[in-house]
Amino acid sequence: MGLILKIFIFLYLSAGVWCVHQIQWLPCQFTDEHVFINNEGHTETQLIHREAMLQFGQKGDALVNPNAITFLIARSKLDLLRYVEGVEAEQLKCDLYRYSTEGSYVRWPVLGAREYNHWFSCTLRHRGGLFTVTSFLRHPSDEPPPGRQDYHNWSAIADRELLLTTVAVVIKTQTPAVKTRLKFQQKLHCQFDVDHKGAKVTVEWHRQRRGERTKLFSFSRHTGEKQGSGVGLNALAAKDASYTLASTMMSSEGTYICSVSVTPLFASVDINLQIEEPPQVSLSVGPTLSLQEGELQKVVCEANSYYPRDVDIVWYEQDPAVSGTSYPKPLKNIMYSHHKEGQDKTFSLSGFFYLQPSLNDSGKQYTCSVSHQSLKMPIKKLFTLSVEEPRRWMLYLCVGFIVILLLYVKRSYMHSAWRKLAVWMM
């Protein structure tokens, strides 16, 4: 009995902790629209930012902020909170907008739905960039469908109005911003759900790059027609519309749009993909550079095969022999080559200087530091300088030559003298 009681207490406390961390409401910015005909006869839209609350519960619940517009999300088949589990309310940014069905009015196929609905889009973004969730909130109306575009006659929403809604469609990405390397397989996450079975869903992927929009994939559940590749149909049946790039290239960069349409709604999430290739750094000298005093040497630090173009190359000088703490000092006489672009569209750059040391420079360390946005820490390469006195080999060579010459002259002179002596004695 004691064990059962402990288990019950544990479950009760666990449920209590879960309830404490469950998000009950979120402050939101509601962007309202005032559409009118201007003096020139053109349709103009004025955006109005209003304070709103997104509250989760049921009809009749007490309002968290009675002074704000409240979008009360009643429980339905789609639970919006399931898509933001594990985060605190402070980590979410909430935006609400009116949504126009562009003159398409159909009865939403769920139990109890009415002929006409007011639609709102709700986007929840993680402030740390972990995910983006967009949903459609359905607010039933007793009014008949308007005979023209709904935005021409938006229903007014009072400052303290309560709008009872349910979630009809959800689309989410866990990869709103992606940084990847060249020739890597990359998965772009996208999942969705609809509040009723058998929905005639169309899923599409597009890439937007330098003003050009390219369709990558499309699938219509209504017709069964499929175009393109990158999305598995088995995964799609499980509401996973993630797109896989087999091998990234420079042309893979851009904004990827995952979209889901269910008449009369069209939902999408954007995924920004950026290529980052870290530099390969090398020095033109080895770990130790030996020079004679006064000898001139060009020292080059090369950063190769990086992307994007911006890179920072800095040379530092440090003398460990100096008493006390010796900090590296940046060299000022650094020169740089022009950026070179390779066949794979990566870049290369070199930073170099000319070294003409004295004997006092022996033992100094020179460090090349390369910084790039693909690196968490700069790449550093260093060498130690060793300076020797000039070798006097020319002097030694001259002295040796003179000695040999003198010995040769002496030998020739002695040989000539012996010949003369021999002739005289005869």
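Analysis parameters
Residues numbered from 1 in each chain as written. Predicted model: local features only at pLDDT ≥ 70, side-chain atom pairs only at ≥ 80, totals over all residues. Heavy atoms only, no water. 1 Å grid on protein atoms, 1.4 Å probe; cavity = no way out; pocket = protein on both sides within 12 Å on 5 of 7 lines; lining within 4 Å. Points joined across faces, edges and corners; volume = space filled by probe spheres on them. Helix = DSSP H or I, 4+ residues; strand = E, 2+ residues; numbered from the N terminus. Nonpolar A, V, L, I, M, F, W, Y, C, P; charged D, E, K, R; others polar. Pairing = 2+ DSSP bridges. Axes fitted to C-alpha atoms, helices over the stretch in contact; angles between N-to-C directions. Salt bridge = Lys/Arg side-chain N within 4 Å of Asp/Glu carboxyl O. Buried < 20%, exposed > 50% of the residue type's maximum accessible area, 1.4 Å probe, protein only. pLDDT = per-residue confidence, 0-100. Contact = heavy atoms within 4.5 Å. Polar contact = N/O pair within 3.5 Å; in protein donor to acceptor, adjacent residues only side chain to side chain.

### Concerning empty space enclosed by the protein
Where empty space is left becomes clear once a probe the size of a water molecule has been rolled over the atoms.
Then, number 1: Evaluated as defined, the whole model comprises 2 cavities of 30 Å³ or more.
Then, number 2: Its volume calculated, the largest cavity comes out at about 60 Å³.
Then, number 3: Mapped onto the lining of the largest cavity, the elements with two or more residues apiece are strand E4 (92-99) and strand E5 (116-126).
Then, number 4: Tallying contributions element by element places E5 first for the lining of the largest cavity, with 5 residues.
Then, number 5: Per-class residue counts for the lining of the largest cavity are 5 nonpolar, 2 polar and 2 charged.
Then, number 6: Each pocket or cavity is described by its volume, and for the second largest cavity that value is around 50 Å³.
Then, number 7: In terms of lining, the second largest cavity is formed by Thr 101, Ser 104, Tyr 105, Val 106, Glu 115, Tyr 116, Asn 117, Trp 119 and Pro 264.

### What about the sheet that holds strand E11 (residues 202-209)?
Then, number 1: The strand order across the open sheet formed by 6 strands is E8-E16-E15-E11-E12-E13, and the pairing between neighbours is mixed. Edge positions in the open sheet fall to strand E8 (177-180) and strand E13 (226-228), since each of these has one partner strand only. Across the sheet, the axes of successive neighbouring strands diverge by a mean angle of 25°, strand direction being ignored.
Then, number 2: One ladder, built from 9 bridges, connects strand E15 (residues 254-262) with strand E16 (residues 265-275); its direction is antiparallel. Counterpart to Ser 259 in the pairing with E16 is Ser 268.

### Section: the pattern of salt bridges
Then, number 1: Scanning all chains against the criterion turns up 12 salt bridges.
Then, number 2: For Asp 159, the salt bridge goes to Arg 50, with nearest N and O atoms at 2.8 Å. Of this pair, Asp 159 sits in the loop between strand E6 (132-141) and strand E7 (162-173) while Arg 50 is found in strand E2 (residues 43-57), placing the two residues 109 residues apart along the sequence.
Then, number 3: Looking at Asp 159, the relative accessible area reads 56%, which means it is exposed.
Then, number 4: Judged by its relative accessible area of 15%, Arg 50 is buried.
Then, number 5: When the shortest N-O distance is used, the salt bridge between Lys 179 and Glu 276 registers 3.6 Å. With Lys 179 in strand E8 and Glu 276 in the loop between E16 and strand E17 (280-283), the pair connects residues that are 97 residues apart, well separated along the chain.
Then, number 6: A relative accessible area of 57% means that Lys 179 is categorised as exposed.
Then, number 7: You can call Glu 276 buried: its relative accessible area is 9%.
Then, number 8: Overlapping salt bridges, with partners in common, bring together Asp 32, Arg 50, Arg 98 and Asp 159 in one network.

### With respect to the confidence of the model for the chain
Then, number 1: This prediction gives the chain a mean pLDDT of 88; 86% of its residues lie at or above 70.
Then, number 2: Throughout residues 3-21 the model reports pLDDT below 50, and contacts reaching past four residues in sequence, or to other chains, amount to 2 contacts.

### With respect to the side chain of Thr 165
Then, number 1: Within the element layout of this structure, Thr 165 appears in strand E7.
Then, number 2: Among residues more than four places away in sequence, those in contact with Thr 165 are Phe 71, Leu 72, Ile 73, Ala 74, Leu 137, Arg 138 and His 139.

### A short note on the sheet that holds strand E21 (residues 329-330)
Then, number 1: With mixed pairing, 5 strands are arranged side by side in an open sheet as E18-E26-E25-E20-E21. Unpaired on one side and paired on the other, strand E18 (288-292) and E21 mark the two borders of the sheet.

### A word on the environment of Ser 369
Then, number 1: Relative to the helices and strands, Ser 369 resides in strand E25 (residues 365-371).
Then, number 2: C-alpha of Ser 369 to C-alpha of Trp 315: the two residues are 54 residues apart in sequence and 6.3 Å apart in space.
Then, number 3: Each residue touching Ser 369, except ones within four places of it in the same chain, is listed here: Asp 312, Ile 313, Val 314, Tyr 316, Pro 378, Ile 379 and Lys 380.

### Some points on the side chain of Asn 65
Then, number 1: Its location among the elements puts Asn 65 in the loop between E2 and strand E3 (69-74).
Then, number 2: Within the structure, the side chain of Asn 65 is placed 3.4 Å from the side chain of Glu 51, a separation counted as a polar contact.
Then, number 3: Residue contacts for Asn 65: discarding those within four places in its chain leaves Glu 51, Met 53 and Thr 70.

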